[in-house]
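Understanding the architecture of this molecule
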Amino acid sequence: MSETTAVVVPMPHMGVSVEEGTVVEWHKQVGEEVAAEEVLCEIATDKVDTEVPAPADGVLAKILAEEGATVAVGEPLAELTVSTEAAAALEPAQGGEPSGPETVPSAPSAAPEPTAPSAASAAPEP
């Protein structure tokens, strides 16, 4: 059996002006197995209603926001128990950055640092 670890499922970011949402309904219960992208719960905001998917295959270990609770963006909704391999694959997405290509701006290509001229490249003698 592989090792497992807990992964927090946060309230998703759903738009610039959306700061919180209300848990409408849980589709899974504690102890149930879930597949990656399977709907865990439904969230309602003043702008949009959405479903929150499981980030990986695992087991719903804890529900941290009950139905009717209002939760701020980024706050935990639930915890899943997933394999350590699946958790490692999620780490970049769990850091609060959007998943997908890295969003770090690329630095302009740097020219090699100038070095002191060597004796061979010194100015020619008169």
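Residues numbered from 1 in each chain as written. Predicted model: local features only at pLDDT ≥ 70, side-chain atom pairs only at ≥ 80, totals over all residues. Heavy atoms only, no water.

**Overview of the overall build of the protein chain**
For clarity, the threshold we go by: Put simply, DSSP H or I for four residues or longer makes a helix, DSSP E for two residues or longer makes a strand, and each gets a number counted from the N terminus. Note on definitions: a residue-residue contact is assigned when non-hydrogen atoms from the two residues lie within 4.5 Å.
Each helix and strand counted, the protein chain has one helix and eight strands in total. When the helices and strands of the protein chain are read in sequence order from the N terminus, they spell out β-β-β-β-β-β-β-β-α. Considering only intrachain contacts with a sequence separation of at least 6, the fraction spanning at least 24 residues in the protein chain is 60%.

**A closer look at the pairing of strand β4 (residues 39-44)**
As a reminder of what qualifies: If DSSP finds at least two bridges between two strands, the strands pair.
The sheet contact formed by strand β2 (residues 20-26) and β4 spans four bridges and is antiparallel. In the strand pairing of β4, Val 23 is matched with Ile 43. In terms of strand pairing, β4 meets strand β5 (residues 49-53) through five bridges, oriented antiparallel. Bridge assignment links Glu 42 to a residue of β5, and that residue is Glu 51.

**Side note on the environment of Gly 58**
Tracing the backbone shows Gly 58 in strand β6 (residues 58-63). Here the alpha-carbon distance between Gly 58 and Val 7, two residues 51 residues apart in the chain, equals 9.4 Å. Other than its neighbours up to four places away in sequence, Gly 58 contacts Glu 32, Glu 33, Val 34, Thr 81 and Val 82.

**Considerations on the sheet that holds strand β8 (residues 76-83)**
The four strands lie next to each other as β1-β8-β6-β3, forming an open sheet whose pairing is antiparallel. Two strands bound the open sheet, and with one partner strand each, they are β1 (4-10) and β3 (33-34). With seven bridges connecting them, β1 and β8 associate as antiparallel partners. Bridge assignment links Pro 10 to a residue of β8, and that residue is Pro 76.

**A few points about unusual backbone geometry**
For the record, the criterion: Burial here depends on accessible area, computed with a 1.4 Å probe over protein chains only, as a share of the maximum for the residue type. Under 20% is buried, over 50% is exposed, and the range in between is partly exposed.
One non-glycine residue, Glu 37, lies in positive phi territory at about 75°. Locating Glu 37 in the fold gives a position in the loop between β3 and β4. Classification of Glu 37 by relative accessible area gives exposed; the value is 58%.

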